[in-house]
There are 2 protein chains.
Amino acid sequence: MKTHVSAFAPASVSNVAAGFDIMGFALDQPGDTVTIRLSESPGVRITKISGSDCELPRDPARNTAGAPVLALARMMGYSKGLEIEIHKGLSVGSGLGSSAASAVAAAVACNAILQAGLSNDELLPFAIEGEKIASEAVHVDNLAPCLWGGFILVRGYHPIDVVHLRVPHDLWCTVIHPHIEIETKESRKLLPRAVPLVDVVTQTGNAAGLVAGLLTGDLALLGRSLHDVIAEPVRGKHIPGFAGMKEAALKAGALGCSISGSGPALFALCDSKKTGGMIGAAMGQVLDRLGCPYDTYVSTINCTGARVLD
Amino acid sequence: MKTHVSAFAPASVSNVAAGFDIMGFALDQPGDTVTIRLSESPGVRITKISGSDCELPRDPARNTAGAPVLALARMMGYSKGLEIEIHKGLSVGSGLGSSAASAVAAAVACNAILQAGLSNDELLPFAIEGEKIASEAVHVDNLAPCLWGGFILVRGYHPIDVVHLRVPHDLWCTVIHPHIEIETKESRKLLPRAVPLVDVVTQTGNAAGLVAGLLTGDLALLGRSLHDVIAEPVRGKHIPGFAGMKEAALKAGALGCSISGSGPALFALCDSKKTGGMIGAAMGQVLDRLGCPYDTYVSTINCTGARVLD
């Protein structure tokens with residue numbers, strides 16, 4: 001029996017323009033790594049937090065990685081101790097599913113160390129326990145792609161209905177993360193409570209078009225569908241250089257570009273690694289001119305999801 | 001050169017639950033037939049209207065079949081006469097795309113008699129001229145399936161972006177048409193002007209799920225996606241026996257059931273002709289108890305669309 005297990009869970013892009021709260025996909029990198037050690041001393045403890053955010057709560061019940069471990073240990077009737085080490089490759093408030101990555105990595109590592117043998121379907125509710133801490137609303141559109149990998153549609157929430165969408169092999173994603181923090185809770189307050197019916201028609205058309213583009217490999221249709229008339233118009237204003245970055249991405253060959261999750265990260269989809277790099281450089285120049293530091297990532301759609309590390 | 005041409009255009013189910021204003025599919029029957037004759041006497045005239053609605057306007061400019069003919073003749077610079085005969089297999093205000101069928105049949109017949117050689121893409125704007133007469137809003141989700149056949153997504157309206165969705169071969173549709181009339185214009189007044197964000201998420205999830213179910217042939221997913229939280233709750237109340245018919249359809253094996261267009265017709269999807277018949281019988285019993293006359297149709301998804309008749 002192992003005494004410790006580490007698991008990696010990737011960043012994810014949620015909302016994906018018209019797929020507000022219902023769509024998301026996983027990236028190859030960055031991501032969070034959670035290590036769980038068996039301990040003779042009873043109780044669940046967070047012993048170390050390293051990486052891009054070291055100031056997260058040390059109380060497991062108030063930590064997105066701690067809560068899934070507490071819930072899993074309780075379910076398994078595990079009475080000895082567990083020590084959690086969290087390495088944040090993802091910044092909190094980046095819009096890249098930071099809380100989902102910690103929650104999923106913790107659930108996957110705990111599942112392995114306790115030999116619980118839970119499937120991803122069974123693990124999802126434990127990961128949700130972690131996500132709940134970061135946001136009032138549960139974002140399965142981050143959690144599901146982070147856990148399973150791939151491009152996910154959350155068809156419904158009552159009950160949760162996760163649909164795995166086939167991904168065209170030539171689909172690449174560029175992500176740019178301006179180093180400003182946007183809290184998901186705050187960002188949701190910007191959203192309209194009600195949406196004009198004409199915008200609902202536009203949004204559902206684009207969400208349906210995005211799925212059709214993915215499943216038929218029609219990247220032009222996918223690109224035409226990457227429009228968000230609900231969240232982007234209000235959230236974009238709070239992201240420095242948003243309009244300039246989007247314009248630069250499209251000029252550099254992006255199929256489409258929008259906000260990742262609640263931002264400030266932006267994503268752009270394209271059809272090759274080379275174009276992905278050019279898009280990242282073009283978007284970066286906009287932030288350079290504003291003097292805003294950032295990271296860029298160019299990634300395929302990660303179809304592996306979270307994984308136990310050797 | 002022929003002296004007359006007849007064209008048939010089928011009924012269509014639009015909205016399709018969550019696909020409000022963006023989805024529709026064609027039925028095998030019923031449908032409208034429009035015959036156009038060359039005449040030496042200049043001008044466009046409606047010489048006969050037969051079938052289920054004989055009281056339609058005789059002025060071509062105010063008739064859904066007349067307007068496309070006027071527009072096509074003008075575009076072609078045709079200066080002689082055209083006589084239009086309309087046979088309505090579809091009732092006005094049925095929710096089955098009656099105006100679309102007349103407009104499309106007229107456009108297709110006129111295209112043939114004038115040897116205009118227009119493609120369906122090129123014909124669509126002429127059919128729209130007809131549809132405009134029946135409704136302030138242009139319903140391409142009726143027109144496009146009626147013209148091309150098949151299951152259509154109207155991804156966007158500015159410009160019109162028609163996406164042809166592959167249809168599972170084992171998909172059948174039952175339609176029941178209670179003999180009461182609901183005017184599209186009136187029915188649209190029932191709709192909410194704005195939709196709570198939470199309902200937008202539900203609706204887009206179901207619209208996206210419907211497309212995924214169709215394109216992957218996952219009929220269970222398709223069924224789970226056949227929910228409308230926007231139009232059905234308000235329009236259903238104005239259809240006699242609506243709740244009872246829906247319940248009866250689901251009990252009889254329907255994947256899902258909702259209002260066709262703006263009603264009063266209902267559609268239910270299922271996986272065989274036999275089940276389709278049972279669904280029709282079960283829904284009919286509800287209207288029998290109410291003493292409301294009706295027609296039922298069991299049809300595959302008609303992938304041929306409008307056609308010139310020999």
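Note that the structure is a prediction, hence the values are computed from the model and not measured.

The rules behind these values
- Residues numbered from 1 in each chain as written.
- Chains lettered and ligands numbered in written order.
- Predicted model: local features only at pLDDT ≥ 70, side-chain atom pairs only at ≥ 80, totals over all residues.
- Helix = DSSP H or I, 4+ residues; strand = E, 2+ residues; numbered from the N terminus.
- Rg over C-alpha atoms; globule rule 2.2 N^0.38 Å.
- Buried ≥ 20, exposed ≤ 12 C-beta atoms within 10 Å, placed from the backbone.
- Contact = placed C-beta atoms within 7 Å.
- Pairing = 2+ DSSP bridges.
- Axes fitted to C-alpha atoms, helices over the stretch in contact; angles between N-to-C directions.
- Least-squares fit on C-alpha atoms with pLDDT ≥ 70 in both.
- Domains from an automatic or database assignment.
- Nonpolar A, V, L, I, M, F, W, Y, C, P; charged D, E, K, R; others polar.

> Can you walk me through the overall build of chain A in this structure?
The number of helices and strands found in chain A is 10 helices and 12 strands. For a compact globule of 310 residues, the expected C-alpha radius of gyration is about 19 Å, and chain A comes in at 19 Å, within 12% of that figure. Overall, the C-alpha framework of chain A stretches about 60 × 40 × 35 Å when taken along its three principal axes. Looking at chain A as a whole, 58% of its 310 residues are labelled buried. For chain A, long-range pairs separated by at least 24 residues make up 75% of all intrachain contacts whose partners lie at least 6 apart in sequence.

> Teacher, can you tell me more about the sheet that holds strand 11 (residues 294-300) of chain B here?
Strands pair in a sheet through their backbones, by hydrogen bonds, and they do so in one of two ways: parallel or antiparallel. Residue and element names in this part refer to chain B. Taken together, the 4 strands give an open sheet; going across it, the order is 9-10-7-11, and neighbouring strands pair in antiparallel fashion. With partners counted over all chains shown, the strands left at the sheet margins are strand 9 (256-259) and strand 11, one partner each. If you compare each strand with its neighbour and ignore which way they point, the axes differ by 15° on average. Pairing between strand 7 (residues 172-178) and strand 11: 7 bridges, direction antiparallel. Looking at strand 11, one finds that V175 is bridged to Y297.

> Is there a simple way to think about the relation of the copies chain B and chain A in this case?
Two copies of one chain are present, and they are related through a rotation about an axis combined with an axial shift. When chain B is fitted to chain A, the best match, at an RMSD of 0.0 Å, comes from turning it 180° and sliding it 0.0 Å along the axis. Between the two chains, the operation in question is that of a two-fold axis. A high fraction, 100%, of the interface residues of chain B reappear at the interface in chain A, so the copies pair face to face through one surface.

> In this structure, what is going on with the domain arrangement of chain A? I would like to understand it.
Quoted interface sizes are often the accessible area lost when the parts come together. All names here are of chain A. The assigned domain composition of chain A is domain 1 (4-166 + 303-309) and domain 2 (172-300). Relative to domain 2, the C-alpha centre of domain 1 lies at a distance of 24 Å. The interface is formed by 27 residues belonging to domain 1 together with 35 residues belonging to domain 2. The dominant element in the side of domain 1 that touches domain 2, judged by the number of residues it contributes, is strand 2 (residues 23-39), at 4 residues. In the side of domain 1 that touches domain 2, the residues fall into 14 nonpolar, 10 polar and 3 charged.

> Help me out: how do you make sense of the sheet that holds strand 11 (residues 294-300) of chain A in this one?
Residues and elements named next belong to chain A. Overall, antiparallel pairing links the 4 strands, which are arranged 9-10-7-11 in an open sheet. Two strands in the sheet have a free side with no partner beyond their single neighbour: strand 9 (256-259) and strand 11. When the angles between neighbouring strand axes are averaged without regard to direction, this sheet yields 15°. Of the pairings in the sheet, the one linking strand 7 (residues 172-178) to strand 10 (residues 266-270) comprises 5 bridges and is antiparallel in character.

> When you look at the interface of chain B and chain A in this model, what are you seeing that I'm missing?
Tallying the contact residues gives 37 residues for chain B and 37 residues for chain A. Breaking the side of chain B that touches chain A down by element, the ones donating at least two residues are strand 5 (151-157), strand 6 (160-165), strand 8 (194-196), helix 6 (197-216) and helix 7 (219-225) of chain B. Among the elements that line the side of chain B that touches chain A, the one with the most residues is helix 6 of chain B, at 15 residues. Class assignment for the residues of the side of chain B that touches chain A results in 22 nonpolar, 10 polar and 5 charged. Sheet topology note: the strand 8 (residues 194-196) of chain A/strand 8 of chain B ladder contains 3 bridges and is antiparallel. Among the inter-strand pairings, P196 of chain A is bridged to a residue of strand 8 of chain B, identified as A194 of chain B.

> Help me understand the environment of T300 of chain B, please; the structure alone is not making it clear to me.
Residues and elements named next belong to chain B. With respect to the secondary-structure elements, T300 resides in strand 11. Of the residues examined, T300 has 17 C-beta atoms within 10 Å and is grouped as partly exposed. With 27 residues separating them along the chain, T300 and K273 place their C-alpha atoms 8.0 Å apart. When neighbours within four sequence positions are excluded, T300 is seen to be in contact with D28 and W172.

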